Amino acid sequence: MWRRAATAALSLGVGAGAVAVASTEDPAATLKVCTHLPPRLLRDSVTAATIAFDYKWSLWGLEPGTPAWQSAKHDTHLRSANRLQELCFRNGGIYIKLGQHIAQLEYVVPEEYVQTMRESMLKRCPVSSYEEVRGVFAKDLGESPETVFAEFDPVPLASASLAQVHAARTHDGQKVAVKVQHDYLTDTSVVDIATVDLLVNALHYIFPTFDYRWLVDEVRESAPKELDFLNEAKNSEKCLDNFRRLSPHIAGSIYAPKVYWNLSTSRILTMEFMDAKEVTDVHGIKAIGIHPVDVSNLVSKAFAEMIFKHGFVHCDPHAANMMVRPMPQDSRKSFGWKRPQLVLLDHGLYKELDYTTRISYASLWKALVFADEKAIKENSVKLGAGEDLHALFAGVLTMRPWQRVIDPSLDHLVLDSKTTDYSELQNYASLYFSEISELLRRLPRVILLMLKTNDCLRAVNHALVGGTSLESFMIIGRVSSEAVLDAKRMSKRSFLNRLMIWLEEVMLEARFFSLKLMLGFMQLRKLLPS
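Residues numbered from 1 in each chain as written. Predicted model: local features only at pLDDT ≥ 70, side-chain atom pairs only at ≥ 80, totals over all residues. Heavy atoms only, no water.

### Overview of helix 4 (residues 67–91)
- If you check helix 4, its first and last C-alpha atoms are 36 Å apart, about what 25 residues at 1.5 Å a residue would give, namely 36 Å.
- One or two residues past the end of helix 4 sits Gly92, with phi positive at roughly 70°. (Helix = DSSP H or I, 4+ residues; strand = E, 2+ residues; numbered from the N terminus. Expected span 1.5 Å × (residues − 1).)

Below, the structure is given as structure tokens:
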């Protein structure tokens, strides 16, 4: 069966390639792209067949849930994750982007896949040769990099799945970072998405519970936007404008590099060069006089404002896309530490939350922070989880078991990597694979992207403070509560309703004041000798 499928796929690919070459305005370029199609399809078919056979054979005759079954499944997950990782690297392009998606879907896919992808996908990205970079400049700007810029370093500073960044200097002396897309990626992405679709659908056909077709749909929708660097530039400006208009109290603490529009195209993005530290470089952050806890709190504030108030969310906030520097021209310090400014990079992937979804999501997080069981269930149902999977949805969002989610204690959502809870929760995706697959099928795609964003932010906070901090959850609780109150003010304009909203706001402030006192007391106890 698999041999016939592979033969048919190859024949289809060759035929489609011949038609493309005959009809294109650039036959040589298209021919180069199409030569990649048959080996891609063959590798996909072989990988899918091998993974499917491995699961069928390794779990054959074992009773689900038994130690032998658990051990065999773990080993199979690990082997399959390594095969998928190798496929992503060999095919490159959109495949690496897909691998990065998987690396950030903790709790959504089995741990073995997450860890395998996380250890490599951000570090082994392809690097284009300087001749390929020159080719992109020639097509897009009609000149070489050496002509466009006074200085251009041919060795990239960094490389990602879709592009690489070079240091340069403009003719008026400004140091800039130039993001150059890997050549032919716009063309090969169409082929990549089609072949990934084939792979995922084949696995879903063999294993009906393995339903990650939504991930392919998301890549299909987001890839063209991420490949358009002018769209990315517009997103960065809109993000900063939202902070200035809707969150002026922290607007000065959020920054995005200035775009040089006259030196940018859909495949070349010239930006202000940022002299800053990567957000998870704890030693580097301390060296420039910034406290990691302040960075963690600022990251939480920034994304809480984006999610609950702006409804326009940077959905790829992994460590390489965020930097930190001291607030420019700011002499104020807190206990000897400088105030941080968060620099957001790579604005290609944004999602907009419609008003109803945004307020329901804010209401859900407010309920999670305050352990309001009734409101958790009510808003989970509104977002599509259903009455039967609301507890699982809460667990996926918080990485806490249901009994901890509804525990009224102050630190009920805090996850310390040193506790036994963390190792227990690492097996969550494996234990509830079919239930999680059903939950993902029900949730709107924009909420699935919020899950990914949530996992990225959790990983950043883990690197900064060793877990999920109580301060972060207090920030989320405050911003989500403010968004819910703002929504009530807009919909209820009578005097009595406004009075009730004012009283609710007073009670909320009192609640946060008491939480701050309790937090201060807990921190003081930690400082005292045992």
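### Quick notes on the environment of Glu352
- Here Glu352 is to be found in strand 13 (residues 350–352).
- For the pair Glu352 and Gly311, spaced 41 residues apart in sequence, the C-alpha to C-alpha distance is 5.4 Å.
- Contacts of Glu352, omitting those with residues within four sequence positions, involve Lys238, Gly311, Phe312 and Val446. (Contact = heavy atoms within 4.5 Å.)

### Observations concerning the nonpolar core
- The biggest cluster of nonpolar side chains holds 88 residues, and the ones touching the most others in it are Phe308, Tyr361, Trp365, Leu368, Ile376, Phe393 and Met450.
- Broken down by element, this core gets its largest block of residues, nine residues, from helix 22 (residues 470–491).
- Excluding anything up to four places from it in sequence, Leu368 contacts Ile376, Ala394, Leu397, Thr398, Val405, His412 and Leu413.
- Ile285, Ala302, Met322 and Val460 belong to the second-largest nonpolar core, a separate cluster that totals 27 residues. (Core = buried A, V, L, I, M, F, W, Y, C linked by side-chain atoms within 4.5 Å. Buried < 20%, exposed > 50% of the residue type's maximum accessible area, 1.4 Å probe, protein only.)

### Comments concerning the sheet that holds strand 12 (residues 340–344)
- With respect to topology, four strands assemble into an open sheet ordered 5-12-9-7, the strand pairing being mixed. This sheet does not close on itself; its edge strands, each paired only once, are strand 5 (254–255) and strand 7 (277–278).
- When strand 5 meets strand 12, the two strands line up parallel, connected through two bridges. Counterpart to Ile254 in the pairing with strand 12 is Leu342. (Pairing = 2+ DSSP bridges.)

### What about the pattern of salt bridges?
- Overall, the coordinates contain 31 salt bridges when judged by the stated rule.
- Across the pair Glu378 and Lys382 runs a salt bridge whose closest N-O atoms are separated by 3.6 Å. Of this pair, Glu378 and Lys382 both sit in helix 15 (residues 373–382), four residues apart, roughly one helical turn.
- Classification of Glu378 as partly exposed rests on a relative accessible area of 40%.
- Note on Lys382: relative accessible area 53%, which makes it exposed.
- Where Glu438 meets Arg442, a salt bridge forms, and the shortest distance between an N and an O atom there is 2.9 Å. Here Glu438 pairs with Arg442, and both are found in helix 20 (residues 433–442), just four residues apart, close to one helical turn.
- Looking at Arg442, the relative accessible area reads 27%, which means it is partly exposed. (Salt bridge = Lys/Arg side-chain N within 4 Å of Asp/Glu carboxyl O.)

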